[in-house]
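Analysis of the macromolecular model
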Amino acid sequence: MRYRKGDGERSGLFTRRALLLGGAQMALMSALAGRLYQLQVLETQRFATLAEENRINLRLLPPSRGLIFDRTGKPLAVNRNNFRCMATSDRGRGVELLIDRLDQIFSLAEADKVRLLRELKRSRNAQPVVVRENLGWEEVARVEFNAPDLPGVFIDLGQSRDYPEGDLMSHIVGYTGRVADEDLAGRDDPVLQLPTLRFGKKGVERSLEDDLRGRAGAVQVEVNAVGRVVRELDRTEGQPGSNALLTIDLDLQRFAAEKMKQHQSGSVVVMDVVTGDLLAMVSTPGFDPNTFARGITQSEWRDLLDSPERPLHNKAIGGVYPPGSTYKMVTVLAALESRAIDPWTRLPCMGFLELGKIKFHCWLTAGHGSTNVTEALACSCDCFFYEAARRAGVDRIADVANRLGFGRVSELGLPGESAANQPSRAWKQEKLGKPWQHGDTFNLGIGQGFMTSTPLQLAIMTARIANGGYEVQPNLLLASATPREELAPPPTRNKPNAPSMRFNAQHLAIVREGMNQVVNGSLGTANALRRDAAGKLIEPALRFAGKTGTAQVKRITERERELGITQAQLPWHLRHHALFVCFGPLDNPRYACAVIVEHGMAGGTTAGPIGRDVLLETMKRDPSRRTDNFRKMASR
Amino acid sequence: MSIASMQGGGGALDAPAPISFAEKIWRINWGLVLVLTAIAGIGVLALYSAAGGRFDPWASRHAMRYVAALGVLLVTALVPPRVWLALSWPIYIVALLLLVAVDVVGKIGMGAQRWLVLGPLQIQPSEIAKVAVILMLARYYHGLRKEEAARILYVVPPLLLILMPVGLVMVQPDLGTAMMVLMGGGALLFVAGVPLWMFLVAGVGAIASLPVAWSLMHEYQRKRVLTFLDPDRDPLGAGYHITQSKIAIGSGGLFGKGFGKGTQSALNFLPEKQTDFIFTSFVEEWGLVGALVLLGLFALVLVWGFSIALRCQHHFGRLVALGVTAMMFLYVFINTAMVMGLLPVVGVPLPLVSNGGTAMVSVMFACGLLIGVNVYRDAQLPRTR
């Protein structure tokens, strides 16, 4: 009994309190069930979404950018594999140690370490951070070898652009850069959001951007907590950008650029008068687009911007110069077409023409005496064109000039092309608020005054005169195709498929004859060019016609005329521009060429030889009719 | 009064006849054993899945450990309560010594240390301390009369018995286990008859001492409490665990994502998925249904425990059974409430499901004590002083 003494009361109290405790425990267990109900039934949708967001990552696959070749299949812009070392961090844990190890592999610069530390600490959602770009094989191997010690570090294969021809093709091909806000306008391609994507900024890279870029693929991946891809859930292949075959003949381009090297700056445009293909388009000096591809430094950029020769500027399409005497074909054609003169009209020249009190000088102070239209073109008699312009009137001249391509931007589509200025009555009234004067017509007649043009426009004009009045358009893209094996030049065309501008064929023939006389006639301002650089007469099959031009940068004052100051005595930037346009072969014109040497002083002696050499080389190579030099490309 | 002298008077008239071995086996709560096995089976499933569909490294060892621990349970259940009564002191003292040892090793080893390595064994003294405190308190109150238990002076020794291990565990630091021992001890004091007003005073005192506790807490502990109070404070930092655990549980929905298809767990968004967060890992794949089954099994264990406690004829057994039940409850409640974001993350495993040897053995040993109370429910125990 003694063992159980008091046990009854004890067990009573124990039972009451135990039941109380048990009740409390069951209540708490029910609370757990309630919480589970709340999480798993009431809020399950929200958590399911969060879990999917955790797990699934949509990654865009940047398309491979289309390649650019010249017409013979030589590469102008290619993609180079760019091995990048990327790093992710698990919410900034162990970052210092990781950077230490990366330092042992790459010997990082102090600034790089600071940047990495900052970016990795800040990196949320395991966004990869670039450790280093353009890795060599050895560096890639070292990263892969040390992979177990480098959690979250991986090698990523990207592409960067390479321009094997450097400055030679810089203005035509252009370059790419990071996507800027203005590039996004009107484009909703999601691939543009990729930080590694490069976008065409200049040249063909820009004008063909939407074709070269291709379409992005997408891959849905499952990622784990540190952002590593565990497996691929879904993959949509993108489409690589289409490859482009340009009309440029790289060897001809190189030849023209070599010829231009003797001068500080200028431009050469060579065009097929039948197809409009641009076979060469040189603007000197150029720049190395590869510096843009790898990221240009501030000082390199400043140097390019500050140079007086403006290397970033594509002078072939954006350089604006008075056409000077090369415009005289327009005046003649307008006068003939408007019956203001006829082929037999002879006009006098005494060295100047007076309009009221103003004297309009001919370049030859002694005057040319009486000339007809072909003679006037041959000797470039200014007085003839003052009078012809006066008779034709500004409206007819402007009309013919517009049809020949002046005063407007071509259909080339390159950024930086200028319309230059074809003045007219309406233009002057609107821009200057003054009515058109007779003197303005005189100046327009010899391509001076308000008149400006680009080298491309001069080439277009020459081509349209040479081809018998067909409205050919300049063209840079010969062919494009996405699979590289399908990339091939189209068959040669020998008849323009552009509409005829309905100029009187006889009038065009007179203009061409005048240009023939410039080079091959005894009076011609450029008749030295009937011989080649070696002094040999050019063989008949390669004979060509042309027109010189010397454009005033600054008015020649009466005082300078009296003092007889020569151009060579002026500072470089005030000297005349030297121009030359030409086409050939004479009998069956196929190629036109326009040359401008900035501040080259005299068209016939500075620009002329370049035009001759380039045109002769073009005719010899005959790139438009030769397709056997095209290197068919198998995909690498 | 010694045990030896008691055995002499064992054959008293009102004492029941000693039970046969077969009857002892019969009295083992095989249903309860089955429930425990089911829980451990769920543990194997969950660990298999958490390892990415592999038995290694967790599931296979978990199963083997359970088999061994089952042996411990059965042997413990067949040991008469008077032996445990006698062993209470030695076990308690050994537990205290081990706790001191682990603290000292921790000091030397610089940093938190919860394990002691003894040869091939890695033991967690705090797990032993939980059972030791239960045995010690049960022994103490077994020897007190009801009136004595209600006296304030008699509350001092048990408080010391509780607070000594609590203090030693706290400095490890292992807040979760310390709270478990404290609350488990409190539950025993409550059923043993300590007046309610004392609990009120203790409660008020605890609240009043919160600022002091705050100042004594480690930085990471404070962070956990703050994060618990507002998980969105730093969803990628300290709140990450709670947030990811809630996402895993919530995204499981009613029926779960399916066995082996838990994305949060497989992709390592879940921290400690094989130990403290095993419940989350399981529930992500099995949904509310699976969670309720598991919690239901644990509730069955609790009900069994209470019924054993209430049917026991001696106070020592009653208190041991209730102590073990309270310990089980605290394990389950603290762990699951923690992963559901109802309690701060304190590092308490889910018994029989979480990977870990010492906890498994100590839980099974405790359940062995519980079943032993049933086997020897009508044994006669001497009043101890």
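Residues numbered from 1 in each chain as written. Chains lettered and ligands numbered in written order. Predicted model: local features only at pLDDT ≥ 70, side-chain atom pairs only at ≥ 80, totals over all residues.

Moving on, we get to the overall build of chain B. Across its full length, chain B holds 17 helices and 2 strands. The buried share of chain B, reckoned over its 385 residues, is 49%. Within chain B, residue pairs in contact and separated by at least 24 positions form 72% of the contacts whose partners lie at least 6 positions apart. (Helix = DSSP H or I, 4+ residues; strand = E, 2+ residues; numbered from the N terminus. Buried ≥ 20, exposed ≤ 12 C-beta atoms within 10 Å, placed from the backbone. Contact = placed C-beta atoms within 7 Å.)

Across its full length, chain A holds 22 helices and 18 strands. Counted over contacts in chain A with a minimum sequence separation of 6, partners at least 24 positions apart contribute 77%.

Bringing the interface of chain B and chain A into the picture now. With 45 residues of chain B at the interface, the matching set in chain A holds 39 residues. Those elements that place two or more of their residues in the side of chain B that touches chain A are α9 (175-192), α13 (240-252), α14 (263-266), α15 (278-311) and α16 (315-339) of chain B. Taken together, the residues of the side of chain B that touches chain A break down into 26 nonpolar, 13 polar and 6 charged. (Nonpolar A, V, L, I, M, F, W, Y, C, P; charged D, E, K, R; others polar.)

If you check helix α3 (residues 30-50) of chain B, its first and last C-alpha atoms are 30 Å apart, about what 21 residues at 1.5 Å a residue would give, namely 30 Å. Those residues of α3(B) that are buried lie in contact with α4 (59-78), α14, α15 and α17 (357-375) of chain B. (Expected span 1.5 Å × (residues − 1).)

On to the environment of Val95(A), then. All names here are of chain A. Note that Val 95 resides in helix α3 (residues 95-106). Measuring from C-alpha to C-alpha, the distance between Val 95 and Arg 118 comes to 9.7 Å, with 23 residues separating the pair along the chain. If we skip the residues at most four places from it in the chain, Val 95 touches Ser 89, Leu 117, Leu 120 and Lys 121.

Okay, α16(B) next. Residue pairs three or four apart in sequence face the same way in an α-helix, which turns once every 3.6 residues. Residues and elements named next belong to chain B. In this model, α16 (25 residues) spans 36 Å end to end at C-alpha, consistent with the 36 Å of a helix rising 1.5 Å per residue. α16 sits mainly inside the fold: 24 of its 25 residues count as buried. The positive-phi residue at the C-terminal boundary of α16 is Gly 341, with phi of around 85 degrees.

Another aspect to go through is the packing of helix α13 (residues 328-337) of chain A against helix α15 (residues 382-392) of chain A. Residues and elements named next belong to chain A. It is the contact of α13 with α15, at a shortest axis distance of 9 Å, that shows an interaxial angle of 45 degrees. Here α13 is positioned oblique relative to α15, judged by the angle of their axes. The interaxial crossing formed by α13 with α15 has left-handed handedness. Mapping the contact onto sequence places Lys 328, Thr 331, Val 332, Ala 334 and Ala 335 in α13 and Phe 385, Ala 388, Ala 389, Arg 391 and Ala 392 in α15. For the contact of α13 with α15, a count of residues per class yields 7 nonpolar, 1 polar and 2 charged. (Axes fitted to C-alpha atoms, helices over the stretch in contact; angles between N-to-C directions. Parallel < 35°, antiparallel > 145°, perpendicular 65-115°, else oblique. Left-handed = near helix turned anticlockwise from the far one by under 90°.)

With that settled, the discussion passes to unusual backbone geometry. For the bond running from Gly584(A) to Pro585(A), omega is -5 degrees, close enough to zero to count as cis. Relative to the elements of secondary structure, Pro585(A) occurs in the loop between β17 (577-584) and β18 (591-597). Residues Asp56(B) and Pro57(B) are joined by a peptide bond in cis, for which omega reads 0 degrees. For Arg339(A), which is not glycine, the phi dihedral falls at a positive 60 degrees. Along the chain, the position of Arg339(A) falls in the loop between α13 and β13 (352-355). Since 10 C-beta atoms lie within 10 Å of it, Arg339(A) is described here as exposed. Of note in this structure, His599(A) is not a glycine but carries a positive phi near 55 degrees.

Once that is clear, we can look at the packing of α3(B) against α15(B). Residue and element names in this part refer to chain B. Following both chains from N to C, one finds α3 and α15 inclined at 165 degrees, their axes separated by 10 Å at the closest point. Judged on the interaxial angle alone, α15 and α3 are roughly antiparallel. Taken as a pair, α3 and α15 cross one another with a handedness that is left-handed. Each of Leu 32, Val 35, Leu 36, Ala 38, Ile 39, Ile 42, Ala 46, Ser 49 and Ala 50 in α3 lies in contact with α15, whose residues at this interface are Ile 278, Ser 281, Phe 282, Glu 285, Leu 294, Leu 297, Phe 298, Leu 300, Val 301 and Trp 304. Here the residues of the contact of α3 with α15 are counted per class, giving 16 nonpolar, 2 polar and 1 charged.

Right, let's talk about the sheet that holds strand β8 (residues 217-223) of chain A for a bit. Whether parallel or antiparallel, the strands of a sheet pair through hydrogen bonds between backbone atoms. Residue and element names in this part refer to chain A. With antiparallel pairing, 3 strands are arranged side by side in an open sheet as β1-β8-β9. Lying at the two open borders of the sheet, with one neighbouring strand each, are β1 (56-61) and β9 (229-236). Neighbour-to-neighbour, the strand axes of this sheet turn through a mean angle of 30 degrees, independent of strand direction. Both β1 and β8 contribute to a ladder of 6 bridges, which runs antiparallel. Opposite Leu 58, over in β8, you have Gln 220 as the bridge partner. (Pairing = 2+ DSSP bridges.)

Before going further, it helps to examine the sheet that holds β18(A). Residue and element names in this part refer to chain A. One open sheet accounts for 5 strands, arranged β12-β11-β18-β17-β16; its pairing is antiparallel. Looking along the sheet, the strands with just one partner apiece sit at the ends: β12 (278-284) and β16 (545-551). Each adjacent strand pair in this sheet contributes to an overall mean axis angle of 10 degrees, direction not counted. Bridge analysis of strand β11 (residues 266-272) against β12 gives 6 bridges, and the strand direction is antiparallel. Bridge pairing in β12 links Val 270 to Ala 280.

Residues and elements named next belong to chain A. Neither face of strand β10 (residues 243-246) is open: one carries Asn 243 and Leu 245, the other Ala 244 and Leu 246, and all of them are buried. The pairing of strand β2 (residues 68-69) with β10 spans 2 bridges and is parallel. Bridge pairing links Ile 68 to Ala 244 in β10. Relative to strand β15 (residues 477-481), β10 runs antiparallel, the two sharing 4 bridges. Its bridge partner being in β15, Ala 244 is matched across the sheet by Ser 480.

Moving on: the confidence of the model for chain A. All names here are of chain A. Within chain A, residue pLDDT values average 87, and 95% of them lie at 70 or more. Of all the helices and strands in chain A, helix α21 (residues 558-563) carries the lowest mean pLDDT, 73, while helix α19 (residues 455-466) carries the highest, 96. Long-range and interchain partners of residues 1-6, a stretch whose pLDDT sits below 50, account for 6 contacts in this model, where long-range means more than four residues apart. (pLDDT = per-residue confidence, 0-100.)

With that out of the way, let us pick up the nonpolar core. Counting 126 residues, the largest nonpolar core has Ile134(B), Val320(B) and Val324(B) as its most contacted members. No other element matches α16(B), which puts 17 residues into this core. Setting aside residues up to four positions removed in sequence, Ile134(B) forms contacts with Gly184(B), Leu188(B), Val320(B), Gly323(B), Val324(B) and Met327(B). Ile68(A), Tyr386(A), Tyr591(A) and Ile610(A) belong to the second largest nonpolar core, which has 122 residues in total. (Core = buried A, V, L, I, M, F, W, Y, C linked by C-beta atoms within 7 Å.)

Residue and element names in this part refer to chain A. Along the chain, Ala 388 turns up in helix α15. Residues Ala 388 and Thr 441 lie 53 residues apart in sequence; the distance between their C-alpha atoms is 9.8 Å. Among all residues touching Ala 388, those that are not within four sequence positions of it are Thr 331, Val 332, Ala 335, Ala 340, Ile 341 and Gly 445.

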